[in-house]
Amino acid sequence: RQKEVKRVAVCGVAGRFLLNNAIAGGADVFITADFKYHDFFDADGKIVVADVGHFESEQFTKHLLIEKISEKFPTFAALMSKINTNPIKYL
């Protein structure tokens, strides 16, 4: 029987350093990126780790950052590059 997901922890890009925090916080799933092979063993069946990829996890974070910066500093010109720097090409 599959366990119901009630709490999800999220960290854009390399979130390995937050794994123990996600577990301690009671998350069922940790969505992040850049986990190494052996890092998955550190989850030890306590949490599901979903490594969604470095670029893939940050491509939406930049929109959130622009939004927050614009809210906090309304006279600051926050600009976002449209250049795609993802070196991975999917088939």
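All of these numbers come straight from a predicted model, not from anything done at the bench.

Either a parallel or an antiparallel arrangement is found when strands of a sheet pair, and the pairing is made through backbone hydrogen bonds. With parallel pairing, 3 strands are arranged side by side in an open sheet as S1-S2-S3. At either margin of the open sheet sits one strand with a lone partner, and together these are strand S1 (8-14) and strand S3 (48-51). Geometrically, the sheet is characterised by an average inter-axis angle of 20° between neighbouring strands, direction not taken into account.

Now for the nonpolar core. Within the largest apolar cluster, 10 residues are counted, these being Ala9, Cys11, Leu19, Ala22, Ala27, Phe30, Phe35, Ala43, Ile47 and Val49. For this core, the secondary structure elements donating two or more residues are S1 and helix H1 (19-24). Apart from the residues within four sequence positions on either side, Ala27 is in contact with Arg7, Val8, Ala9, Ala22, Lys46 and Ile47.

Turning to the packing of aromatic side chains, a few remarks are in order. If you walk through the whole model with that rule in mind, you get 3 aromatic pairs. A ring pair is formed by Phe30 and Phe35, whose centres lie 6.3 Å apart and whose planes are at 75°; its orientation type is edge-to-face. Judged on exposure class, the residue Phe30 and its partner Phe35 are both buried. Taken together, the ring pairs connect Phe30, Phe35 and Phe40 into an aromatic cluster.

Here Gly26 is to be found in the loop between H1 and strand S2 (29-33). The class for Gly26 is partly exposed, based on a relative accessible area of 39%. Once the C-alpha coordinates of Gly26 and Ala9 are considered, the two residues, 17 residues apart in sequence, prove to be 8.9 Å apart.

Under the criterion given, the structure shown has 5 salt bridges. For Lys3, the salt bridge is made with Asp28, and the minimal N-O distance between the two is 3.1 Å. Placement of the pair is Lys3 in the segment before S1 and Asp28 in the loop between H1 and S2, with a sequence separation of 25 residues. Between Asp39 and Arg16 there is a salt bridge, and its shortest N-O distance comes to 3.7 Å. Here Asp39 is found in the loop between S2 and S3, whereas its partner Arg16 is found in the loop between S1 and H1, with 23 residues between them in sequence. Linked by salt bridges that have partners in common, Arg16, Asp39 and Asp42 make up one network.

Cut-offs applied
- Residues numbered from 1 in each chain as written.
- Predicted model: local features only at pLDDT ≥ 70, side-chain atom pairs only at ≥ 80, totals over all residues.
- Heavy atoms only, no water.
- Pairing = 2+ DSSP bridges.
- Helix = DSSP H or I, 4+ residues; strand = E, 2+ residues; numbered from the N terminus.
- Axes fitted to C-alpha atoms, helices over the stretch in contact; angles between N-to-C directions.
- Core = buried A, V, L, I, M, F, W, Y, C linked by side-chain atoms within 4.5 Å.
- Buried < 20%, exposed > 50% of the residue type's maximum accessible area, 1.4 Å probe, protein only.
- Contact = heavy atoms within 4.5 Å.
- Phe/Tyr/Trp six-rings, centres within 6.5 Å; stacked < 30°, edge-to-face > 60°.
- Salt bridge = Lys/Arg side-chain N within 4 Å of Asp/Glu carboxyl O.

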